[in-house]
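Read off the chains here:
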Amino acid sequence: MTTKEINELAADRRQFLKTSGLLTGSALLAQLPLGLSAAPRFGAHSSVDDTIKVALIGCGGRGRGAAMQALNTKQNIKIVAIADAFQDRVDIAYKTLTSRQDAAQKIDLPKERQFVGLDAYKQAIALADVVILATPPGFRPSHFEEAVKQSKHIFMEKPVATDAPGIRRVLAAAEEAKKKKLNVVVGLQRHYQSNYREAIKRIHDGAIGDIVGGSVYWISGGVWVNPRKPDQTEMEYQLRNWYYFNWLCGDHITEQHVHNIDVANWVKRGYPVSAQGTGGRQVRTGKEYGEIFDHHTVDFVYADGTTINSQCRHYEGTYSKVDEQFLGTKGRIDSFNGNKTILKGYKGQPIYAHGSAKTDIDPYQVEHNELFEAIAKGQYKFADAENGAKSTMTSILGRMATYSGNLIKWDDAINSQISLFPDQLAWDAKPKILPNADGFYPVAVPGKTVTV
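Residues numbered from 1 in each chain as written. Predicted model: local features only at pLDDT ≥ 70, side-chain atom pairs only at ≥ 80, totals over all residues. Heavy atoms only, no water.

### What about the overall build of the chain?
Then, in step 1: The helix and strand inventory of the chain stands at 14 helices and 15 strands.
Then, in step 2: Looking at the chain as a whole, 56% of its 452 residues are labelled buried.
Then, in step 3: A fraction of 73% describes how many contacts in the chain between residues 6 or more apart in sequence connect residues 24 or more apart.
Then, in step 4: Summed over all atoms, the accessible surface of the chain reaches about 19,100 Å², with 50% contributed by carbon and sulfur. (Helix = DSSP H or I, 4+ residues; strand = E, 2+ residues; numbered from the N terminus. Buried < 20%, exposed > 50% of the residue type's maximum accessible area, 1.4 Å probe, protein only. Contact = heavy atoms within 4.5 Å. Areas by Shrake-Rupley, 256 points an atom, 1.4 Å probe, with all protein chains shown as cover.)

### Observations regarding the side chain of Asp323
Then, in step 1: By the element assignment, Asp323 lies in strand β11 (residues 321–328).
Then, in step 2: As a buried residue without a salt bridge, Asp323 has its nearest oppositely charged side chain in Lys321, at a separation of 5.7 Å.
Then, in step 3: In this structure the side chain of Asp323 is engaged in a polar contact, spanning 3.1 Å, whose partner is the side chain of Asn337.
Then, in step 4: Residues within four places of Asp323 in sequence aside, it is in contact with Tyr196, Ser215, Val216, Tyr217, Asn260, Asp334, Ser335, Phe336 and Asn337. (Lys, Arg positive; Asp, Glu negative; His and termini not counted. Salt bridge = Lys/Arg side-chain N within 4 Å of Asp/Glu carboxyl O. Polar contact = N/O pair within 3.5 Å; in protein donor to acceptor, adjacent residues only side chain to side chain.)

### A short note on the nonpolar core
Then, in step 1: If you look at the biggest cluster of nonpolar residues, it comprises 69 residues, and the most contacted ones within it are Phe144, Ile154, Met156, Ile167, Phe326 and Met393.
Then, in step 2: With residues near it in sequence (within four places) discarded, Met393 still touches Ala164, Ile167, Met400, Trp410, Ala413 and Ile414.
Then, in step 3: One finds Ala67, Val90, Ile132 and Val366 within the second-largest nonpolar core, a separate group that totals 31 residues. (Core = buried A, V, L, I, M, F, W, Y, C linked by side-chain atoms within 4.5 Å.)

### A look at a nonpolar patch on the surface
Then, in step 1: Where nonpolar side chains cluster on the molecular surface, the patch consists of Val212, Leu327 and Tyr346 and spans about 270 Å² of accessible area.
Then, in step 2: When you line up the elements, Val212 lands in strand β7 (residues 211–220). (Patch = residues over 30% accessible without salt bridge, like charges linked within 9 Å, V, L, I, M, F, W, Y side chains within 5 Å.)

### Re the sheet that holds strand β5 (residues 153–156)
Then, in step 1: Ordered in space as β3-β2-β1-β4-β5-β6, the 6 strands form an open sheet in which the pairing is parallel. Only two strands of the sheet have a single neighbouring strand rather than two, namely β3 (114–116) and β6 (184–186). Strand-to-strand twist across the sheet, computed as the mean angle between neighbouring axes with direction ignored, equals 15 degrees.
Then, in step 2: In this sheet, strand β2 (residues 77–84) lies alongside strand β1 (residues 52–57) in parallel orientation, the contact comprising 6 bridges. What sits directly across from Leu56, in β2, is Ile82. (Pairing = 2+ DSSP bridges. Axes fitted to C-alpha atoms, helices over the stretch in contact; angles between N-to-C directions.)

### Things to note about the packing of helix α3 (residues 61–71) against helix α12 (residues 363–376)
Then, in step 1: For the pair α3 and α12, the least separation of the axes is 9 Å and the interaxial angle reads 55 degrees. Taken together, the axes of α3 and α12 lie oblique to each other. By crossing handedness, the relation of α3 to α12 is classed as right-handed. The segment α3 lies against α12, with Arg62, Ala66, Gln69 and Ala70 engaging Tyr364, Gln365, His368 and Phe372.
Then, in step 2: Of the residues in the contact of α3 with α12, the class split is 4 nonpolar, 3 polar and 1 charged. (Parallel < 35°, antiparallel > 145°, perpendicular 65-115°, else oblique. Left-handed = near helix turned anticlockwise from the far one by under 90°. Nonpolar A, V, L, I, M, F, W, Y, C, P; charged D, E, K, R; others polar.)

### Considerations on the packing of aromatic side chains
Then, in step 1: Tallied over the entire structure, the rule returns 17 aromatic pairs.
Then, in step 2: Judged by centre distance (5.3 Å) and plane angle (85 degrees), the ring pair of Trp247 and Phe421 falls under edge-to-face. One end of the pair, Trp247, is in the loop between α9 (234–240) and α10 (252–255); the other, Phe421, is in the segment after α14 (410–414), and 174 residues separate them in sequence.
Then, in step 3: Overall, Trp247 belongs to the buried group, its relative accessible area being 2%.
Then, in step 4: One aromatic cluster in this structure is built from Trp224, Trp242, Tyr243, Tyr244 and Tyr289.
Then, in step 5: Seen from the ring of Tyr352, Arg202 lies directly overhead, with NZ or CZ sitting 4.1 Å from the centre.
Then, in step 6: When the ring centre of Phe86 is taken as reference, the NZ or CZ atom of Arg240 above it lies at 3.7 Å. (Phe/Tyr/Trp six-rings, centres within 6.5 Å; stacked < 30°, edge-to-face > 60°. Lys NZ or Arg CZ within 6 Å of the ring centre and 35° of its normal.)

### As for the pairing of β1
Then, in step 1: Most of β1 is tucked away, with 6 of its 6 residues classed as buried.
Then, in step 2: Here β1 shows no split at all, with Ile52, Val54 and Leu56 on one side and Lys53, Ala55 and Ile57 on the other all buried.
Then, in step 3: When β1 meets strand β4 (residues 130–133), the two strands line up parallel, connected through 4 bridges. Residue pairing across strands places Ile57 opposite Leu133, the latter belonging to β4.

### Concerning the sheet that holds strand β8 (residues 274–280)
Then, in step 1: The strand order β14-β13-β12-β11-β7-β10-β9-β8-β15 describes an open sheet built from 9 strands, whose pairing is mixed. Among the strands making up the open sheet, the edge pair consists of β14 (350–353) and β15 (408–409).
Then, in step 2: Across 3 bridges, the pairing between strand β12 (residues 331–333) and strand β13 (residues 342–345) is antiparallel. In the strand pairing of β13, Gly331 is matched with Gly345.
Then, in step 3: Packing of helix α11 (residues 258–268) onto the sheet brings it into contact with β7, β9 (295–301), β10 (307–314) and β11, and relative to β7 it is tilted by some 165 degrees.

Read these as geometric descriptors, not functional statements.
See the structure below:
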């Protein structure tokens, strides 16, 4: 690259940072700790010599993984702040990040930039150019709003909300992010996975005709449980066991199965108009499993009448499947798993085969590679929040159908005023759902539970 080209690229990126909000005003500059600068630094030899400052919000396993993937990118990034509700989570994240010898120059986390508390996210966001939002999903709407308000580029994990009011907040903030030209990537990583990209491009080009049906699956053995400790408040217990409370998780149809449901929406190039289904608790029935179901089966109906069946469950010791399949008027795809990603006609003739998945780059890494490359080049390329919100809403629609036992229309679901989030967020405050004297939480009863 010539000196002239370097200077032009630097100028383009400088303008991009100004318009996208990365060059913040004197008020924010005054808040920055000694040694951090709000102004970018341009090197003489590379278009990525500017330090891109990153804040990690949510220091659990997924947050730490996302931070590691950011560190693995080719760009000149520096993690300058971390935040979590719990001190031990912050401590684990700090130890994990600083244990990487190859990333030592990319970590700048003195104690004063390790924030702890239920509002710690605001302090961390203020110090960064890019924020990684990886707390339990119930916090995503407020954290996303704050990041957009502060004009930051964003990577946020899926799902992006747990109820319809949260979805509406994310959609509103997504529009603001577009106006500000803020790159937003959502961790629905199949959109960054080469076999999905290649196969679905061909599906959209008509390789198997019009999609007339399909099924999507996340059927597995379930996830972790953290036992209750005697000194915990109810708020802390639920935060520590966020997977089992809908205000935090949305049930596993939302937290986990949203991946596969999103693929159905992607293939159909739209969102369902209604859903009906069934679900309940048959295997994971103990008090430690909070209020969520252990199985859901839903029929999602799209505007053209196509029905996509959705199945998710948490049963240990049973058949497992995490995949998608679709039927077209000219052919089908039975699996997206690696080299089994094959489009074929109904007489068995191959239409497209992806080949070996061993050469594919990890999609969790790809989403960060592409995000940070765009930022470094001064490009506005990613606006994932709207689809992330609508695919999350699709999963919530499915939960509404299984919890109520009724057919639920999209318009009624997305306009629901039922908020799951606590009226007050504090360690001594009470969540909206509480255990009875025996420690069991109320569980939805189809035919009785109201969801819209």
